[in-house]
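Secondary and tertiary structure notes
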Amino acid sequence: MHRVIGKRVVELSPAEFAALRERHAGVLLDVGTGDGKHVLHVARQRPDMLVVGLDANADALRRTSARAAVRADRGGLPNVVFVRAAAERPPAGLSGVDEVHVLMPWGSLLRGTLGDGPVLESLAAVCAPGAPFLVTLNLHAWRPPVPEVGELPEPDPASALTGLRARYADAGWQLTGAEYLDDAGIAALATSWTKRLGSSRDQLDVLALHGTVG
Ligand SMILES: C[S@@+](CC[C@H](N)C(=O)[O-])C[C@H]1O[C@@H](n2cnc3c(N)ncnc32)[C@H](O)[C@@H]1O
């Protein structure tokens, strides 16, 4: 897999990844990690977990991945790996994921988390059976001036548990809960995108979906 460390992209073989995984209690995968701040946050909170941030765009990962890669006594995080890959085609060697997060997706990742295209199935293929998931949707993507999501109607907790639940089940994801996040819940995600969106509007509307994969 293509591991991002600052400006470098180095190959991490399936055997090397498996060896890293063995040194940890489990793997948490953050898909569409952006600048990876959520990954750093989780890695500090859960040092027993190997936390993998995956994004199709390596540029935003440069600073955070460089920070994580320094020696632990200088603030580095040995339990962090950043990977350049599309969610539709997770890298060979990534398997046995024990928890998956997809926070504030946009573009093809947003459409994928709504059940369009291969994203849900591709991610299910790398997860251990019963892996918990958290998906958080920026509901402003459905609203003027430029709705991002085409024909799909804006979901709410009730519609997510009917229409979306069926789409998720088709891909092997069991969607068991959906609720709006309050300010504290949004802040707890510790992502750059929520901070950026939140600073430009009075209220940020985020729908959280959770359940298990496989
Ligand atoms: C709005 S940003 C959110 C970033 C981060 N999760 C946060 O909350 O700060 C969406 C991210 O999804 C990534 N993305 C979009 N489509 C993707 C795909 N098909 N595969 C992997 N990453 C994708 C983008 O590159 C971008 O970094």
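Everything discussed here concerns the structure shown above.
Residues numbered from 1 in each chain as written. Predicted model: local features only at pLDDT ≥ 70, side-chain atom pairs only at ≥ 80, totals over all residues. Heavy atoms only, no water.

Relative to the assigned elements, Thr113 resides in helix α4 (residues 107-113). Within polar-contact distance, the side chain of Thr113 engages the backbone oxygen of Leu110 at 2.8 Å. Here Thr113 is in contact with Val102, Pro105, Leu120, Val135, Leu137 and Tyr168, once residues within four sequence places are set aside. (Helix = DSSP H or I, 4+ residues; strand = E, 2+ residues; numbered from the N terminus. Polar contact = N/O pair within 3.5 Å; in protein donor to acceptor, adjacent residues only side chain to side chain. Contact = heavy atoms within 4.5 Å.)

For helix α6 (residues 157-170), built from 14 residues, the straight-helix expectation of 20 Å at 1.5 Å per residue is met to within 8% by its first-to-last C-alpha distance of 19 Å. Of all the bends in α6, the greatest measures close to 40° and is centred on Leu164. Along α6, the residues classified as buried are Ala160, Leu164 and Tyr168. Close packing links the buried residues of α6 with α4, α5 (119-126), β7 (131-138), β8 (173-180) and β9 (206-213). (Expected span 1.5 Å × (residues − 1). Bend = angle between axes of the 7 residues up to and from the residue. Buried < 20%, exposed > 50% of the residue type's maximum accessible area, 1.4 Å probe, protein only.)

Put simply, Pro144 and Pro145 share a cis peptide bond, and its omega is 10°. You can see Pro145 is positioned in the loop between β7 and α6. The phi torsion at Met104 lies on the positive side, around 55°, for a residue other than glycine. With respect to the secondary-structure elements, Met104 resides in the loop between β6 (99-103) and α4. Its relative accessible area of 6% is what places Met104 among the buried residues. Backbone geometry places Ala190, a non-glycine residue, at a positive phi of 55°. The topology assignment puts Ala190 in the loop between α7 (183-189) and α8 (192-199).

A word on the pattern of salt bridges. Within this structure, the stated rule accounts for eight salt bridges. Among the ionic pairs, Asp59 bridges to Arg62, the shortest N-O distance being 3.2 Å. The exposure class of Arg62 is partly exposed, given its relative accessible area of 23%. Linking Asp205 and Arg143 is a salt bridge whose minimum nitrogen-to-oxygen distance equals 2.7 Å. Of the two residues, Asp205 is situated in the loop between α8 and β9 and Arg143 in the loop between β7 and α6; the sequence distance between them amounts to 62 residues. (Salt bridge = Lys/Arg side-chain N within 4 Å of Asp/Glu carboxyl O.)

Here we come to the nonpolar core. Counting 45 residues, the largest nonpolar core has Leu29, Val31, Phe133, Leu137, Tyr168, Trp173 and Leu209 as its most contacted members. Broken down by element, this core gets its largest block of residues, five residues, from α5. In contact with Phe133, not counting residues within four places along its chain, are Val100, Tyr168, Trp173, Gln174, Leu175, Leu209, His210, Gly211, Thr212 and Val213. In terms of nonpolar packing, the next biggest core, distinct from the first, is built from 14 residues, Ala43, Leu61, Leu77 and Phe82 among them. (Core = buried A, V, L, I, M, F, W, Y, C linked by side-chain atoms within 4.5 Å.)

On to the packing of aromatic side chains, then. Following the criterion strictly, the structure yields four aromatic pairs and no others. Both rings, one in Phe133 and one in Tyr168, keep their centres 5.8 Å apart while their planes meet at 40°; by these two values the pair is tilted. Of this pair, Phe133 sits in strand β7 while Tyr168 sits in helix α6, placing them 35 residues apart in sequence. Comparing Phe133 with Tyr168, the two get one shared label, buried. When the ring of Phe133 is compared with that of Trp173, the centres are 4.8 Å apart and the planes differ by 55°; the resulting orientation is tilted. With Phe133 in strand β7 and Trp173 in strand β8, the pair connects residues that are 40 residues apart, well separated along the chain. The exposure class of Trp173 is buried, given its relative accessible area of 0%. In textbook terms, an aromatic cluster arises when at least three aromatic residues are bridged by ring pairs, as seen for Phe133, Tyr168 and Trp173. (Phe/Tyr/Trp six-rings, centres within 6.5 Å; stacked < 30°, edge-to-face > 60°.)

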